[in-house]
2 protein chains.
Amino acid sequence: MNHLEIIKRKAVQIFSEEDLNKKINSGKKLTIKLGADPSRPNLHIGHSVVLRVLKHFQDMGHEVVFVVGDFTGMIGDPSGKNKTRPALTFEETRKSAKTYLEQASKILDKNKTRIAFNSEWLSKMSFKDVINLTSKYTVARLMERDDFKHRFENNLPLSMHELLYPLMQGYDSVELKADIEIGGTDQTFNLLVGRELQKDYGQESQVVMTFPLLVGLDGKEKMSKSLDNYIGLTDTPFEKFEKSMKIPDHVLRQYFELATDLPIEEIDHIMDGDIRQAHILFAKELIKMYDDEKDFEFAKIKYEHIAKGLIPENIDTMKISESMINICDLLVKVNFATSKSDAKRMIMGNGVKINGILINDINKTITIESETVVQFGKSKFIKVIS
Amino acid sequence: MNHLEIIKRKAVQIFSEEDLNKKINSGKKLTIKLGADPSRPNLHIGHSVVLRVLKHFQDMGHEVVFVVGDFTGMIGDPSGKNKTRPALTFEETRKSAKTYLEQASKILDKNKTRIAFNSEWLSKMSFKDVINLTSKYTVARLMERDDFKHRFENNLPLSMHELLYPLMQGYDSVELKADIEIGGTDQTFNLLVGRELQKDYGQESQVVMTFPLLVGLDGKEKMSKSLDNYIGLTDTPFEKFEKSMKIPDHVLRQYFELATDLPIEEIDHIMDGDIRQAHILFAKELIKMYDDEKDFEFAKIKYEHIAKGLIPENIDTMKISESMINICDLLVKVNFATSKSDAKRMIMGNGVKINGILINDINKTITIESETVVQFGKSKFIKVIS
């Protein structure tokens, strides 16, 4: 499997492919930049599209730099109009970045990943430096950005400081001497600012690569936490399975192509087969990548039990401290049994199931995987998490 | 003579007259701001229009602050495209400001005049402060400025940093807590930025007053040094006289109204009379204001002698150290006489004239006013300055 081929296959645009090939063929260790939003550290498989691309670059020997825009994050919205963008403290940005990196490490090689905070250089810039930076860009060029243009032409508020943001982000590339910057297609304009600014600052221009935005589970909007149409990297295997089954059929191929690295021929083969089976295989791939393959069967059985009405969908949840526990102790803990001997009687009477599977060994140790459903009789359920 | 009435009479626009009256009636000592260009310290009567207004404010007991835009002056043109705007050194800006203040003191009361350099506060601003400042202004509002709008709409280069300049100038008003800012009509946009920003920074808004731009001696363009269509405050009385005679008839009334404080009735009376006499009276006013009334007669005679062809226009000039000198010594000094006794003979022979006036007293002391023409016989001339 050729890493570069997979990367190119997933890309929407490359500025320019010639420059990319030149950089790759130079043999030098490249710096690959990705901008990270410090205010939303919960990653989902929409984010995984570019993260998987970064992993391929790492496998080719290059270094990944996440640039956390903590400088603007700490400023928040100076106009005070945007209540959804509160100013973050220094500690909050560091904590978010740590969470981000931890989650991204489900995909990336931590040793080849660096985090940079742009406040490190932007907070040191004086008004004179800002004038120098802004002198390198025309108003016309900035107003080409779709949302700026739209707001300007339609007399919607557009504050001067907003025009500075793409320049800051572009300047990050100058500071990092980035070789390649990747991002979603919605970032094309901003990424190109960096490419142009580097030239103005006498550097070799970064290659810009844009990748598709994964559509959410609603099949319409871009996947995002706020629209609750996402599959999170830290979702439980069961949640991944359940959500995978909800992916609209017409976008399932896109999910395979962008969120997995399966070869196209295999995707073709899967999509030619039974569509329900295709969803299950997507869930399997996801759980394999982010959890453990053995969690897959577990999630699948639970899903099917619920589907058959054997486990109701909404049941109480209890958090316990143990991750491994004897079945009798568990029954006492969840208050199904009044004592261990009571628990034993319940098990011997063939009344106890774990995730729909009958338990008949009173010495059995139960591993509290993500979500474990304890059942007694036909109607008594509790979900246990550890 | 009511100072405020004269000020209002000369103003083109006041934002707002109500606010102006309120400030004046508050009885407090007001801060009157005027922006000064540190790169062009040579003042002419075009500048005098607003300077005379400032003098009226001083006579009312208020304080004048010249704000020298040394911050941008020291940056120069960061794009490097504008060769006519070289970056100034710190020393150059201080020297220019000193010259500016000296010349302005021909009109103003030095004790009620303060010079402020905006680098004092702008150079201390961080990127964060700049974002805060720029967040208070919309792109649309800035693009209302005629030259920005024109360049943007006609795809002419307009760099981002140029949009920051009006905000800086406006911020100067915040820093100085200016009560009133005055300027030429070409500054209306920039002055209003200050008025608006002060409100955003929680201050009472400054009153903005704009004044006409005096047309140059060509009767067409705005008076400016670079177009050589100006009457300088430091021009010699003779130069002032000569240039006054060249003012196109159709703009002479404007010169009277803007560059002098003569009452309208007197201007009416003058303009109703002989037009040549009106020019002479304008010259007289100028020389009275900026030199000494007795220099006027002197300049007039010289002008008339030249007009009659009695003194040629282009003659050599010699600079001497004395400002008062005996006529015989003078003749020796300019090499017209070989000795004092030679000089005496020349005077006794009725051959020596000073500024066209026959000298027949060998003990006469000559005061070397700005330009003194020494003449021997019909064709020997030299101009002496001290």
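Cut-offs used in this document
- Residues numbered from 1 in each chain as written.
- Chains lettered and ligands numbered in written order.
- Predicted model: local features only at pLDDT ≥ 70, side-chain atom pairs only at ≥ 80, totals over all residues.
- Heavy atoms only, no water.
- Pairing = 2+ DSSP bridges.
- Helix = DSSP H or I, 4+ residues; strand = E, 2+ residues; numbered from the N terminus.
- Axes fitted to C-alpha atoms, helices over the stretch in contact; angles between N-to-C directions.
- Contact = heavy atoms within 4.5 Å.
- Nonpolar A, V, L, I, M, F, W, Y, C, P; charged D, E, K, R; others polar.
- Parallel < 35°, antiparallel > 145°, perpendicular 65-115°, else oblique.
- Buried area = accessible area lost by both parts, 1.4 Å probe.
- Salt bridge = Lys/Arg side-chain N within 4 Å of Asp/Glu carboxyl O.
- Polar contact = N/O pair within 3.5 Å; in protein donor to acceptor, adjacent residues only side chain to side chain.
- UniProt positions renumbered as here; feature names shortened; annotations may be inferred.
- Buried < 20%, exposed > 50% of the residue type's maximum accessible area, 1.4 Å probe, protein only.
- Expected span 1.5 Å × (residues − 1).
- Least-squares fit on C-alpha atoms with pLDDT ≥ 70 in both.
- Phe/Tyr/Trp six-rings, centres within 6.5 Å; stacked < 30°, edge-to-face > 60°.

**Some details on the sheet that holds strand E2 (residues 31–36) of chain B**
Residue and element names in this part refer to chain B. The six strands are arranged E1-E6-E5-E2-E3-E4 in an open sheet whose pairing can be described as mixed. Only two strands of the sheet have a single partner each, and these edge strands are strand E1 (13–15) and strand E4 (113–117). Each strand of the sheet is rotated relative to its neighbour by a mean of 25°, with strand direction disregarded. Of the strand pairs in this sheet, E2 and strand E3 (residues 63–68) are connected by six bridges, and their pairing is parallel. Counterpart to Ala-36 in the pairing with E3 is Val-68. In the packing of helix H3 (residues 45–59) onto the sheet, contacts are made with E2, E3, E4, strand E5 (180–184) and strand E6 (207–211), and the angle to E5 comes to roughly 155°.

**Overview of the packing of helix H7 (residues 127–134) of chain A against helix H10 (residues 160–176) of chain B**
Contact geometry of H7(A) with H10(B) gives a least axis separation of 7 Å together with a crossing angle of 140°. Here Phe127(A), Val130(A), Ile131(A) and Thr134(A) of H7(A) come into contact with H10(B), specifically with Met160(B), His161(B), Leu164(B), Tyr165(B) and Met168(B). Of the residues in the contact of H7(A) with H10(B), the class split is seven nonpolar, two polar and no charged.

**Comments concerning the packing of H3(B) against helix H13 (residues 252–259) of chain B**
Residues and elements named next belong to chain B. In the contact formed by H3 and H13, the axes pass within 9 Å of each other and the chain directions differ by 40°. When the interaxial angle is binned, H3 and H13 end up oblique. On H13, the residues that touch Ile-45, Ser-48, Val-49 and Arg-52 of H3 are Tyr-255, Leu-258 and Ala-259. Tallied by class, residues from the contact of H3 with H13 come to five nonpolar, one polar and one charged.

**Describing the interface of chain B and chain A**
Every contact between the two is made by 31 residues of chain B and, on the other side, 31 residues of chain A. Around 2800 Å² of area is buried between chain B and chain A when both sides are counted, 81% of it from carbon and sulfur atoms. Across the chain B-chain A interface, the total number found is zero salt bridges. At the surface where chain B touches chain A, the tally comes to 10 residue pairs in polar contact (both at pLDDT 80 or more).

**A few points about the UniProt feature "binding site: ATP" (unreviewed entry) in chain A**
Residue and element names in this part refer to chain A. Listed under "binding site: ATP" (unreviewed entry) in the UniProt record, and renumbered for this structure, are Lys-225. Of note, Lys-225 is situated in the loop between strand E6 (207–211) and helix H12 (237–246). A residue is classified by how much of its surface remains accessible, and Lys-225, at 41% relative accessible area, is partly exposed.

**Concerning helix H11 (residues 188–200) of chain A**
Residues and elements named next belong to chain A. In this model, H11 (13 residues) spans 19 Å end to end at C-alpha, consistent with the 18 Å of a helix rising 1.5 Å per residue. With 10 of 13 residues buried, H11 is to be regarded as a mostly interior element. Along H11, the residues classified as buried are Thr-188, Phe-189, Asn-190, Leu-191, Leu-192, Val-193, Gly-194, Arg-195, Leu-197 and Gln-198. Among the residues trailing H11, Gly-202 stands out with phi positive, at a value near 75°.

**Digging into the relation of the copies chain B and chain A**
Overlaying chain B on chain A yields an RMSD of 0.3 Å, the required transformation being a rotation through 179° with an accompanying axial translation of 0.1 Å. On the angle and the small slide along the axis, the relation comes out as a two-fold axis. Judged by C-alpha distance, Ser126(B) is the residue of chain B that lies nearest the rotation axis, at 2.4 Å. Both copies contact each other with a shared surface, as 100% of the interface residues of chain B are interface residues in chain A too.

**Overview of the pattern of salt bridges**
All names here are of chain A. Overall, the coordinates contain 54 salt bridges over all chains when judged by the stated rule. In this structure, the salt-bridge partner of Arg-114 is Glu-63, at a minimum N-O distance of 3.4 Å. Placement of Arg-114 in strand E4 (residues 113–117) and of Glu-63 in strand E3 (residues 63–68) is noted, with a sequence separation of 51 residues between them. Note on Arg-114: relative accessible area 35%, which makes it partly exposed. Residue Arg-145 is joined to Asp-147 by a salt bridge in which the shortest nitrogen-to-oxygen separation is 2.8 Å.

**Let's talk about the packing of aromatic side chains**
All names here are of chain A. Taken as a whole and judged by the stated rule, the model has 15 aromatic pairs over all chains. Taking the centre distance of 5.5 Å and the plane angle of 70° together, the rings of Tyr-171 and Tyr-201 count as edge-to-face. Residue Tyr-171 is found in helix H10 (residues 160–176), and its partner Tyr-201 is found in the loop between H11 and E6; the two are separated by 30 residues along the sequence. Classification of Tyr-171 as buried rests on a relative accessible area of 14%.

**Concerning the sheet that holds E4(A)**
Residue and element names in this part refer to chain A. Strand order across the open sheet formed by six strands is E1-E6-E5-E2-E3-E4, with mixed pairing between neighbours. This sheet does not close on itself; its edge strands, each paired only once, are strand E1 (13–15) and E4. Adjacent strand axes in the sheet meet at a mean angle of 25°, parallel and antiparallel pairs treated alike. Taken together, the two bridges between strand E2 (residues 31–36) and strand E5 (residues 180–184) define a ladder with parallel strand orientation. The residue bridging Lys-33 from the neighbouring strand is Glu-181, located in E5. Where helix H3 (residues 45–59) meets the sheet, it contacts E2, E3, E4, E5 and E6, and its direction lies at approximately 155° from that of E5. Of the strands in this sheet, E1, E5 and E6 are in contact with H11, which crosses E6 at around 170°.

**Considering unusual backbone geometry**
For the peptide bond that leads from Phe15(A) to Ser16(A), omega is -15°, which places it in the cis range. Within the secondary structure, Ser16(A) sits in the loop between E1 and helix H2 (17–25). A positive phi angle, near 50°, is found at Asn355(B), a position not held by glycine. For Asn355(B), the position within the fold is in the loop between strand E9 (352–354) and strand E10 (357–358). You can call Asn355(B) buried: its relative accessible area is 1%.

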